[in-house]
Structures are given as structure tokens and as C-alpha cells.
Amino acid sequence: MRSFISKFNIRLLIIHFIACWLFLYGVHTLATLHDYLFLYNTTPPFMSPILVQQKYDADMLIITEAGYVGLIIAYIISWRLSVKHQWFWINSVIVFLVAFGLASFDLLGWRQLRGICMAPGLIFGKNTKLYLITDVVIMLAVGSFLFFNKWIINFIDKGVKGDREVGAEKGSMSSKAKK
């Protein structure tokens with residue numbers, strides 16, 4: 001049981017959680033372009049209020065599901081990196097399950113952090129297509145940076161490396177003792 005718990009990598013969990021958060025809300029924001037004219041229209045559409053609400057609810061469902069697709073993409077990247085770098089794969093599963101659970105209950109803090117994440121695009125004006133695309137590109141770029149940057153990979157690897165070195169030293173001592 002102790003060896004199972006020792007395979008958890010706090011560095012990986014935190015960094016990949018942040019990257020997954022950025023992917024989730026990057027794709028979520030990108031999905032708002034699906035029905036841009038309706039969602040960002042300042043004048044009410046020529047429809048009954050019931051139809052407007054139904055259309056809005058349908059659009060919000062698509063946007064929410066797109067965010068989950070972004071989270072799944074981030075999970076796949078995290079899992080592949082974990083396998084490639086010989087990190088314990090369950091770390092990626094934990095990040096996915098925690099992020100999915102918190103997103104399901106809207107507890108990821110998007111309302112509080114939206115202003116910060118969406119600030120770079122303000123140079124193009126609020127709620128314009130360039131505003132949204134700029135912010136999406138930045139969120140996905142930062143998320144990708146957190147996944148693929150060599151320095152960050154080495155930082156995460158140091159959280160696991162101590163266990164590997166101990167195992168290597170034990171293996172080398174037993175082979176020396178045999179000789």
C-alpha cells in the first residue's frame with residue numbers, strides 16, 4: 001500500500017490540473033462561437049421569449065459539452081505524457097476525475113477567474129470574435145506549455161526521480177553483492 005501511495009506525484013497533479021482547467025475553458029470559450037450572433041447579440045431576437053430561452057439553453061448545453069471535450073483532450077494528453085515519461089498513469093486519472101467532478105458542480109472558479117483569463121483579448125474590444133479567439137489561443141497555448149515544456153517535464157520528473165534512484169541503488173547494491 002505504501003508503494004502505491006508513493007507513486008502519486010503532487011507536482012504532476014497540480015500542473016496537469018491547471019493545464020486541464022485551461023483546456024476545458026479554452027474549448028468552452030471557443031464553443032461560444034458556435035452561435036455567436038445569438039449569444040452576443042445586444043438586441044433581443046425576433047422570437048417569443050420561450051423560444052429564446054430554449055435556444056439559449058440548447059447553446060449552453062453545447063458549450064458545456066464542448067468544455068468536457070476539452071477536458072477529455074487534456075486527459076488524453078496527460079495520460080500519454082504519463083506513459084511516455086514512465087509516471088504512474090493513475091495521476092492523470094485522478095486529475096481528470098477531480099476536474100470533471102468539480103466542473104459538473106461548477107466549482108472550478110470560472111466566474112472568479114474569467115476576467116483574468118479573458119483580459120488579453122480586450123485589446124480587440126469586448127465580446128468580438130477576435131477577443132474570443134485571442135483568449136482561446138492563449139489559454140490553449142498556456143495549457144500546452146504546461147504539458148509539453150521540457151523544464152516543466154523535468155520538474156515533474158524530479159518528483160518521481162527520487163523513487164527511481166532509490167530503486168536503482170538497491171538494484172545495483174544487490175548486483176554488487178552477488179559478485
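Observations concerning the side chain of Thr32
Thinking step 1. By secondary structure assignment, the location of Thr32 is in the loop between helix H2 (10-30) and helix H3 (36-39).
Thinking step 2. A distance of 2.5 Å separates a polar side-chain atom of Thr32 from the backbone oxygen of Thr29.
Thinking step 3. One polar contact links Thr32 to Tyr40, side chain to side chain, over a distance of 3.4 Å.
Thinking step 4. Excluding its chain neighbours within four sequence positions, the residues that come into contact with Thr32 are Leu39, Tyr40, Ile63 and Leu132.

So, the nonpolar core
Thinking step 1. Trp21, Tyr25, Trp87, Trp110, Met139 and Phe147 are the most contacted members of the largest nonpolar core, which totals 33 residues.
Thinking step 2. The element best represented in this core is H2, accounting for 10 residues.

As for helix H5 (residues 90-104)
Thinking step 1. For H5, built from 15 residues, the straight-helix expectation of 21 Å at 1.5 Å per residue is met to within 8% by its first-to-last C-alpha distance of 21 Å.
Thinking step 2. Considered for burial, the residues of H5 that qualify are Ile90, Asn91, Ser92, Val93, Val95, Phe96, Ala99 and Ala103.
Thinking step 3. Among the residues trailing H5, Asp106 stands out with phi positive, at a value near 55°.

Comments concerning the packing of aromatic side chains
Thinking step 1. Tallied over the full model, the rule gives 11 aromatic pairs.
Thinking step 2. Considering the side-chain rings of Trp21 and Trp110, the 5.8 Å spacing of their centres and the 55° angle between planes classify their relative orientation as tilted. You can see Trp21 sitting in helix H2 and its partner Trp110 sitting in helix H6 (residues 110-117), a full 89 residues away along the chain. The same class applies to Trp21 and to Trp110, which are both buried.
Thinking step 3. An aromatic cluster of three or more residues is present, and its members are Tyr68, Tyr75, Phe96 and Phe100.
Thinking step 4. Directly above the ring of Phe155 sits Arg11, whose terminal nitrogen or CZ lies 4.4 Å from the centroid.

Some words on the packing of helix H4 (residues 49-84) against H5
Packed helices, taken two at a time, are described by the angle their axes make and the gap between the axes.
Thinking step 1. Running from N to C, H4 and H5 cross one another at 165°; their axes reach a closest spacing of 9 Å. By the criterion of interaxial angle, the relationship of H4 to H5 is roughly antiparallel. The handedness of the crossing between H4 and H5 is right-handed. Along its contact with H4, which presents Tyr68, Leu71, Ile72, Tyr75, Ser78, Trp79 and Ser82, the element H5 presents Ser92, Val93, Phe96, Ala99, Phe100, Ala103 and Ser104.
Thinking step 2. Looking at side-chain class alone, the contact of H4 with H5 contains 10 nonpolar, 4 polar and no charged residues.

Let's talk about unusual backbone geometry
Trans peptide bonds make up most of the peptide bonds, and negative phi angles are found at most residues other than glycine.
Thinking step 1. The phi dihedral of Asp106 falls on the positive side, at around 55°, and the residue is not glycine.
Thinking step 2. Here Asp106 lies in the loop between H5 and H6.
Thinking step 3. Of note in the backbone geometry, Asn127 takes a positive phi value of approximately 65° without being a glycine.
Thinking step 4. Summarising the element assignment, Asn127 is placed in the loop between H6 and helix H7 (129-148).

About the criteria used
- Residues numbered from 1 in each chain as written.
- Predicted model: local features only at pLDDT ≥ 70, side-chain atom pairs only at ≥ 80, totals over all residues.
- Heavy atoms only, no water.
- Helix = DSSP H or I, 4+ residues; strand = E, 2+ residues; numbered from the N terminus.
- Polar contact = N/O pair within 3.5 Å; in protein donor to acceptor, adjacent residues only side chain to side chain.
- Contact = heavy atoms within 4.5 Å.
- Core = buried A, V, L, I, M, F, W, Y, C linked by side-chain atoms within 4.5 Å.
- Buried < 20%, exposed > 50% of the residue type's maximum accessible area, 1.4 Å probe, protein only.
- Expected span 1.5 Å × (residues − 1).
- Phe/Tyr/Trp six-rings, centres within 6.5 Å; stacked < 30°, edge-to-face > 60°.
- Lys NZ or Arg CZ within 6 Å of the ring centre and 35° of its normal.
- Axes fitted to C-alpha atoms, helices over the stretch in contact; angles between N-to-C directions.
- Parallel < 35°, antiparallel > 145°, perpendicular 65-115°, else oblique.
- Left-handed = near helix turned anticlockwise from the far one by under 90°.
- Nonpolar A, V, L, I, M, F, W, Y, C, P; charged D, E, K, R; others polar.

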